[in-house]
Amino acid sequence: MLRAAAAATAVLPSRFAAAPAVVVAEEVRSPLLRVWGALRGGRVSTLGRRARFCSNSSGSGSDSEAAAAAAAEAKAEDAVAAEGEADGKTSSAIVPTSPRPEDYLTVIALPLPHRPLFPGFFMPIYVKDQKLLQTLVENHKRSVPYAGAFLVKDEEGTDPNIVTNSDSEKSIDDLKGNELLKRLHEVGTLAQITSIQGDQIVLLGHRRLRITEMVQEDPLTVKVDHLKEKPYNKDDDVIKATSFEVISTLRDVLKTSSLWKDHVQTYTQHMGDFNYPRLADFGAAISGANKLLCQEVLEELDVYNRLKLTLELVKKEMEISKLQQSIAKAIEEKISGDQRRYLLNEQLKAIKKELGLETDDKTALSAKFRERIEAKKEKCPPHVLQVIEEELTKLQLLEASSSEFNVTRNYLDWLTVLPWGNYSNENFDVHHAQQILDEDHYGLSDVKERILEFIAVGKLRGTSQGKIICLSGPPGVGKTSIGRSIARALDRKFYRFSVGGLADVAEIKGHRRTYVGAMPGKMVQCLKSVGTSNPLVLIDEIDKLGRGHSGDPASALLELLDPEQNVNFLDHYLDVPIDLSKVLFVCTANVIEMIPNPLLDRMEIIAIAGYITDEKMHIARDYLEKNTREACGIKPEQVEVTDAALLSLIENYCREAGVRNLQKQIEKIYRKIALQLVRQGVSNEPAQEVVIEESSDRGSANKVKNENLEDPDTENATLANNTDPALEEASESDVLKKTVDHDVHPAEAPKQAVLTDPALSTDKLCTLEDMEGAKEEAADKTDGKVVIDSSNLGDYVGKPVFQAERIYEQTPVGVVMGLAWTAMGGSTLYIETTKVEEGDGKGALVLTGQLGDVMKESAQIAHTVGRAILLDKDPDNLFFANSKVHLHVPAGSTPKDGPSAGCTMITSMLSLAMGKPVKKDIAMTGEVTLTGRILPIGGVKEKTIAARRSAVKTIIFPAANKRDFDELAPNVKEGLEVHFVDTYNEIFDLAFQGDTETERS
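Computed from a prediction, not measured in an experiment: that's the story for all the values here. Within each chain, residues carry numbers counting from 1 in the order of the written sequence. Residue-level local features of this predicted model are given only where pLDDT is at least 70; pairs of side-chain atoms are given and counted only at 80 or more, and the full residue set underlies all totals for whole chains, interfaces and linings. Note that water and hydrogens are dropped before the side-chain values are worked out from all heavy atoms of the structure.

### Observations regarding the overall build of the protein
Turning to step 1, where the next piece is worked out: Secondary structure elements are taken from DSSP: a helix is a run of H or I of four residues or more, a strand is a run of E of two residues or more, and numbering for both begins at the N terminus. On a plain count of helices and strands, the protein comes out with 36 helices and 29 strands.
Turning to step 2, where the next piece is worked out: A buried classification covers 45% of the 1001 residues belonging to the protein.
Turning to step 3, where the next piece is worked out: Contact definition: two residues touch when any of their heavy atoms are within 4.5 Å. Pairs at least 24 residues apart make up 73% of the contacts formed inside the protein by residues separated by at least 6 positions.
Turning to step 4, where the next piece is worked out: By element, 50% of the accessible surface of the protein is carried by carbon and sulfur atoms, the whole surface being about 51000 Å². Partly exposed residues are those whose accessible area sits between 20% and 50% of the maximum for their type, while under 20% is buried and over 50% is exposed, using a 1.4 Å probe and protein chains only. For accessible areas, the Shrake-Rupley method is used with a probe of radius 1.4 Å. Any residue's cover is judged against the shown protein chains and nothing else.

Structure, rendered in structure tokens:
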């Protein structure tokens, strides 16, 4: 019965040396077991036998009774052991199975990648080798549930303490035979296979093994020797003391984790009672040491050495446990501190609320929103008030921690902050507006006239309506700054936003409130920013709108810029109509052709063609130069930029239609002048004191305060009153250091002004001789103003960027000057035609000059029309029929396109065909049909300005452009002889004969 019960519960058989009953009784009283019993609590088994003893807490029985009980139980076990074993050895707590574990001398070797397996402990492993797994399953079925578990060695050159992402486990699974055997430690553990589930095998360690030789390669089977501990004296004081320290440390470690206490019970259940070797194994097994240290404990057969190794491991484990506790304590203190602070804050809020000192968040928010809307209640639309009331009621029902609460709060914040019905007072004084516009901009009479018309209508009606104006023109002509001036003239708030590259409709119409981080569109943000419902909104770069996956912003602007629709503009975020009918929209664009037609139809276009040279001169002199001089800290009497220099700067460096580049060049000039003045020792800051230092052998320096450098009399008096008598004896070699103000007129310059030599180091003082030389040099440079004229302009801005557009004083045969429009304004260009070869029937046309498709078609039309006209004028001339003509438009690197060069091309071809040059100082532009009709063109102002710049006297325009020319300013038309033609025959007479009746403008 005893054998059957033991076999049913046993997992691991183990044998111990026999001991008499009296020894067991002595072990019950041993200090080791008393301590271990206190560690475990309750009844604890003794070493070697099945004898039991009570802990100090039980306090029952006597030593003699315990010894007797132990002797009786020992006799019973000896009887069982004698029945089962012929060799006379005693049994352990677990009755051995048949065959016994020590009978297995040949086992399958299982590699353990992470930690060695100690006797009495379970370890799950995964077997990926299907052949090995199948063999283990078959052995388990044949009641051979044992295998050898051996720790895998680290690869050579690797640090076991460093974690890497190497594929070592995979490589171990791939090794077979001798290669795998070399990677295994010799000492391992005989392991019982307790269960197999899929590829997972659970092992239970029994006893130590040592590999002696390999029996089979696949699966790896080895012969082993069973290892036993070396004999030891259990009464040795050193061993006892070491074991006590191990137990004491384990007791402290086990206090931190109940899981490890369970390890003790499981271990004793399978291994029997604790003795010194098992105590060492248990301590090493539960420690967190690395696998090599644990392997050392497994390989150690000397009990004392094993205990010492285990003691080191459990001591380290204790230090780790202390560190864990300190970390946990710090985190717990932080969390508890935060919780305590939170609870105190909540209690404080509750106390204040009870005392009426403070309301909760929802009540405070509702009060704030109601206070905002109360001031606007009379002007606010009813539908908006209704939405606000509904949202306020909803806010009171929501929990402050919910996400919907934040959405509603933000929505109410936007609804109540908008200026519902709040309009700023406008200034309808036309003269005041005219003055402001003239102060900020020169010229632009058509733009100013349109703004004054808007103001006049508002004055007569008593109120103003919103308008949509689009200012189109090249870069740098002042489109954006005009918007600011209009807002200042009307006393309206100004708001600007650019839509260049905008590809998201939500930027205009806002996001839906259902999205995280939703915001209203630009117009709602504008109204919140300016605080009025009738601002001036400048929409910049409207011709550069993008289009992306989020919709078409140009289509979204249709509602915003439509006077009939923006009365009830609906933003997606607010979801309530907003009245934008009082807003004055000013848009800017460089090329209106890039604006979609439906959007362009809603805007009033005001074209700003650019500035002619005279206008640029006025702008540079009255605006740019003045602002730049102030920005650089230079006074007017220090610098003079002549008109010739400005004219040269405009003609040779800044031919653009705008003045932005002109401003950059003027800033460049003044920066260089500022550097030049500073190098000469000039400082426009008021000097605070004059410092006079004596030489080192004369004494310390004296400081003379200059109270008023502007008044020479006061200044001299101050110097006289503050002069030290010792200074009068100073020799001429004394070092002087005084400040000088070059901004004072030479007649009023302080007499005591002395400067330091800029060529010398700033920390060295000049001698009187050096000082006098510097004064003479500075006088040569600063006696008069720094004068910038056309001769030295290149020293400040470099070489000219533009050369003269006019190449020929008198155009040769086959060359005619045309007029072109560019984004930078107007320009002149030459059409050159020459004959390549001549022969019967070789009439052809070759085109070069990077011409576009439209211009190529114009050249073909010109060739056809020119051939017909030549046949009419000179029937005997067969030039076009027998000549290959090459037409070129310089410059070749500039792309060109457009139909307006048709009449110029015909004239160039006819000049070559007839061998006659065209009239001097003549330029022309116009599109030609196959029948010789001249069609209108665009860019009349720009082309006229380009003709004036090239000193052209005679211009030929299509008759349909006469009205455009008449609208030009008188200073643009001055000195020009302009002819308006309907057919090319009129151009022929003007270009080659000059006797046709002309119209002078």
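### Focus: the packing of helix H23 (residues 613–632) against helix H24 (residues 643–652)
Turning to step 1, where the next piece is worked out: Helix axes are fitted to C-alpha atoms over the stretch in contact, other axes to C-alpha atoms as well, and angles between N-to-C directions run from 0 to 180 degrees. Where H23 contacts H24, the two axes come as close as 10 Å, and the packing angle between them is 120°. By the criterion of interaxial angle, the relationship of H23 to H24 is oblique. Crossing of H23 over H24 shows right-handed handedness. Of the residues in H24, those in contact with Thr613, Lys616, Met617, Ala620 and Arg621 of H23 are Asp643, Leu646, Leu647, Ile650 and Glu651. In these notes the angle categories are as follows: under 35 degrees is roughly parallel, over 145 is roughly antiparallel, 65 to 115 is roughly perpendicular, and the rest is oblique. Crossing handedness is read from the near helix: turned anticlockwise from the far helix by less than a right angle, it gives a left-handed crossing, and turned clockwise, a right-handed one.

### So, the UniProt feature "active site" (unreviewed entry) in the protein
Turning to step 1, where the next piece is worked out: Summarizing the sequence annotation, UniProt attributes the feature "active site" (unreviewed entry) to Ser900 and Lys943 in the numbering used throughout. The named residues occupy 44 residues along the chain; their greatest pairwise C-alpha distance, 11.2 Å, places them in one compact cluster.
Turning to step 2, where the next piece is worked out: As for its position among the elements, Ser900 is in the loop between strand E24 (883–888) and helix H32 (902–914).
Turning to step 3, where the next piece is worked out: Since its relative accessible area comes to 17%, Ser900 is described here as buried.
Turning to step 4, where the next piece is worked out: Discounting residues that sit within four places of it in the chain, Ser900 has contacts with Leu819, Thr925, Gly926, Glu927, Ile937 and Lys943.
Turning to step 5, where the next piece is worked out: Looking at the secondary structure, you find Lys943 in helix H33 (residues 940–949).
Turning to step 6, where the next piece is worked out: Setting aside anything within four residues of it in sequence, one finds Lys943 in contact with Leu819, Ala820, Trp821, Gly826, Ser900, Thr925, Ile937 and Gly938.
Turning to step 7, where the next piece is worked out: Polar contact is the term for a pair of N or O atoms within 3.5 Å; when the atoms are in protein, one must be able to donate a hydrogen and the other to accept it, and sequence-neighboring residues count only if both atoms are side-chain atoms. Here Thr925 takes part through its side chain, which lies 3.1 Å from a polar atom of the side chain of Lys943. UniProt positions are given in the numbering used here, feature names are shortened, and annotations may be inferred rather than shown by experiment.

### A short note on the sheet that holds strand E15 (residues 604–607)
Turning to step 1, where the next piece is worked out: Pairing between two strands is assigned when DSSP locates at least 2 bridges connecting them. If you trace the five strands from one edge of the open sheet to the other, you get E10-E11-E14-E9-E15, paired in parallel fashion. Two strands bound the open sheet, and with one partner strand each, they are strand E10 (494–498) and E15. Within this sheet the neighbouring strands show an average axis-to-axis angle of 20°, counted without direction.
Turning to step 2, where the next piece is worked out: On the sheet, helix H17 (residues 445–461) packs against strand E9 (468–472), strand E14 (584–589) and E15 and is oriented at approximately 145° with respect to E15.
Turning to step 3, where the next piece is worked out: Contacting E9, E10, strand E11 (536–540) and E14, helix H18 (residues 479–490) crosses the sheet at an angle of about 175° to E11.

### Topic: the nonpolar core
Turning to step 1, where the next piece is worked out: Ile539, Ile542, Leu560, Leu561 and Leu574 are the most contacted members of the largest nonpolar core, which has 55 residues in total.
Turning to step 2, where the next piece is worked out: A total of six residues in this core trace back to one element, the largest contributor, which is helix H14 (residues 382–397).
Turning to step 3, where the next piece is worked out: Look past the residues within four positions of Leu574 in its chain and what remains in contact with it is Tyr411, Trp414, Leu415, Leu418, Arg513 and Val524.
Turning to step 4, where the next piece is worked out: Residues belong to one nonpolar core when they are buried, are Ala, Val, Leu, Ile, Met, Phe, Trp, Tyr or Cys, and are joined through side-chain atoms within 4.5 Å. Formed by 53 residues, the second largest nonpolar core is a distinct cluster that contains Phe454, Ile608, Val639 and Val682.

### Looking at the pattern of salt bridges
Turning to step 1, where the next piece is worked out: Take a side-chain nitrogen of Lys or Arg and a carboxyl oxygen of Asp or Glu: if they are within 4 Å of each other, that pair is a salt bridge. If you walk through the whole model with that rule in mind, you get 27 salt bridges.
Turning to step 2, where the next piece is worked out: Linking Glu604 and Arg450 is a salt bridge whose minimum nitrogen-to-oxygen distance equals 2.5 Å. Separated by 154 residues along the polypeptide, Glu604 in strand E15 and Arg450 in helix H17 bring together distant segments of the chain.
Turning to step 3, where the next piece is worked out: Its salt-bridge partner being Asp643, residue Arg621 comes within 2.5 Å of it at the nearest N-O pair.

### Quick word on H33
Turning to step 1, where the next piece is worked out: The element H33 is extensively covered by neighbouring structure, given that seven of its ten residues are classed as buried.
Turning to step 2, where the next piece is worked out: Residues of H33 that are buried: Val940, Glu942, Lys943, Thr944, Ile945, Ala946 and Ala947.
Turning to step 3, where the next piece is worked out: Just downstream of H33 lies Ala951, where phi reads positive at about 60°.

### Description of the packing of aromatic side chains
Turning to step 1, where the next piece is worked out: Stacked, tilted and edge-to-face are the three classes applied to pairs of Phe, Tyr and Trp rings, where Trp contributes its six-membered ring and a pair requires centres within 6.5 Å; stacked means planes under 30 degrees apart, edge-to-face means over 60, and tilted covers the rest. Throughout the structure, instances matching the rule amount to ten aromatic pairs.
Turning to step 2, where the next piece is worked out: Note on Tyr411 and Tyr573: the rings are 6.1 Å apart at their centroids and 75° apart in plane angle, and the pair reads as edge-to-face. You can see Tyr411 sitting in helix H15 (residues 403–417) and its partner Tyr573 sitting in the loop between strand E12 (569–570) and strand E13 (577–578), a full 162 residues away along the chain. Assigned by exposure class, Tyr411 and Tyr573 land together as buried.
Turning to step 3, where the next piece is worked out: One aromatic cluster is present, formed by Phe957, Phe965 and Phe980 through successive ring pairs.

### Observations regarding the confidence of the model for the protein
Turning to step 1, where the next piece is worked out: Confidence scores here are pLDDT values: one per residue, from the predictor, ranging 0 to 100. A residue-level look at the protein finds 75% of positions with pLDDT of 70 or above and a mean pLDDT of 75.
Turning to step 2, where the next piece is worked out: For the stretch residues 166–170, pLDDT sits under 50, and the model shows three contacts to residues farther than four places along the chain or on other chains.
Turning to step 3, where the next piece is worked out: Across residues 687–782, confidence stays below pLDDT 50; counting only partners more than four residues off in sequence or on other chains, it has 109 contacts.

### Let's talk about the side chain of Thr532
Turning to step 1, where the next piece is worked out: By secondary structure assignment, the location of Thr532 is in the loop between helix H20 (522–530) and E11.
Turning to step 2, where the next piece is worked out: Note on Thr532: relative accessible area 6%, which makes it buried.

### Quick notes on the packing of helix H30 (residues 853–873) against H32
Turning to step 1, where the next piece is worked out: Where H30 meets H32, the closest approach of the two axes is 8 Å, and the angle between their N-to-C directions is 45°. Classed by the angle they form, the pair H30 and H32 counts as oblique. The way H30 lies across H32 gives a crossing that is right-handed. Across the interface between the two elements, Met855, Ser858, Ala859, Ala862, His863, Val865, Gly866, Ile869 and Leu870 from H30 touch Gly902, Met905, Ile906, Met909, Leu910, Ala913 and Met914 from H32.

### Quick word on the side chain of Thr833
Turning to step 1, where the next piece is worked out: With respect to the helices and strands, the residue Thr833 is situated in strand E22 (residues 825–838).
Turning to step 2, where the next piece is worked out: For Thr833, a relative accessible area of 6% puts it in the buried group.
Turning to step 3, where the next piece is worked out: Within the structure, Thr833 has its side chain in polar contact with the side chain of Ser908 (distance 2.5 Å).
Turning to step 4, where the next piece is worked out: Sequence-distant contacts of Thr833, that is, excluding residues within four places in its chain, are made with Val813, Gly814, Val885, His886, Leu887, Ser908, Met909 and Leu912.

### Describing the environment of Thr642
Turning to step 1, where the next piece is worked out: Along the chain, Thr642 falls in the loop between strand E16 (639–641) and H24.
Turning to step 2, where the next piece is worked out: For Thr642, a relative accessible area of 18% translates into the label buried.
Turning to step 3, where the next piece is worked out: Separated by 21 residues in sequence, Thr642 and Arg621 place their C-alpha atoms 9.7 Å apart.
Turning to step 4, where the next piece is worked out: In contact with Thr642, not counting residues within four places along its chain, are Arg621, Val787, Ile788, Asp789 and Ser790.

### Digging into the pairing of strand E8 (residues 221–226)
Turning to step 1, where the next piece is worked out: In terms of strand pairing, strand E3 (residues 106–112) meets E8 through three bridges, oriented antiparallel. When the sheet's bridge partners are listed, Ile108 is paired in E8 with Thr221.
Turning to step 2, where the next piece is worked out: Counting the residues in the hairpin turn of strand E7 (residues 200–216) and E8 gives four residues.

### Remarks on the environment of Met924
Turning to step 1, where the next piece is worked out: Within the secondary structure, Met924 is located in strand E25 (residues 922–924).
Turning to step 2, where the next piece is worked out: With relative accessibility at 0%, the residue Met924 sits in the buried group.
Turning to step 3, where the next piece is worked out: As a C-alpha pair, Met924 and Ala901 span 23 residues in sequence and 8.3 Å in three-dimensional space.
Turning to step 4, where the next piece is worked out: In contact with Met924, other than residues within four places in its own chain, are Val816, Met817, Gly818, Leu819, Cys903, Thr904, Thr907, Ile956, Ile987 and Ala991.

### Section: H23
Given 3.6 residues per turn, any residue in an α-helix points the same way as the ones three and four places further on.
Turning to step 1, where the next piece is worked out: Bend at a given residue is defined as the angle between two axes, one fitted to the seven residues that end at that position and one fitted to the seven that begin there. A maximum bend of about 45° is found in H23 at Ala620.
Turning to step 2, where the next piece is worked out: Against helix H16 (430–440), E16, H24 and helix H25 (660–679) lie the buried residues of H23.
Turning to step 3, where the next piece is worked out: Of the residues one or two after H23, Gly633 is the one with positive phi, at around 75°.

### What to know about unusual backbone geometry
Turning to step 1, where the next piece is worked out: For the bond from Asp218 to Pro219, the omega torsion is -5°, close enough to zero to count as cis.
Turning to step 2, where the next piece is worked out: Here Pro219 shows up in the loop between E7 and E8.
Turning to step 3, where the next piece is worked out: Following Pro890, the chain continues into Ala891 via a peptide bond in cis, with omega recorded as 0°.
Turning to step 4, where the next piece is worked out: Along the chain, Ala891 falls in the loop between E24 and H32.
Turning to step 5, where the next piece is worked out: We note that Asp491 has phi near 60°; this positive angle belongs to a residue other than glycine.
Turning to step 6, where the next piece is worked out: In this structure, Asp491 sits in the loop between H18 and E10.
Turning to step 7, where the next piece is worked out: For Asp575, which is not glycine, the phi dihedral falls at a positive 60°.
Turning to step 8, where the next piece is worked out: Looking at the secondary structure, you find Asp575 in the loop between E12 and E13.
Turning to step 9, where the next piece is worked out: Judged by its relative accessible area of 45%, Asp575 is partly exposed.

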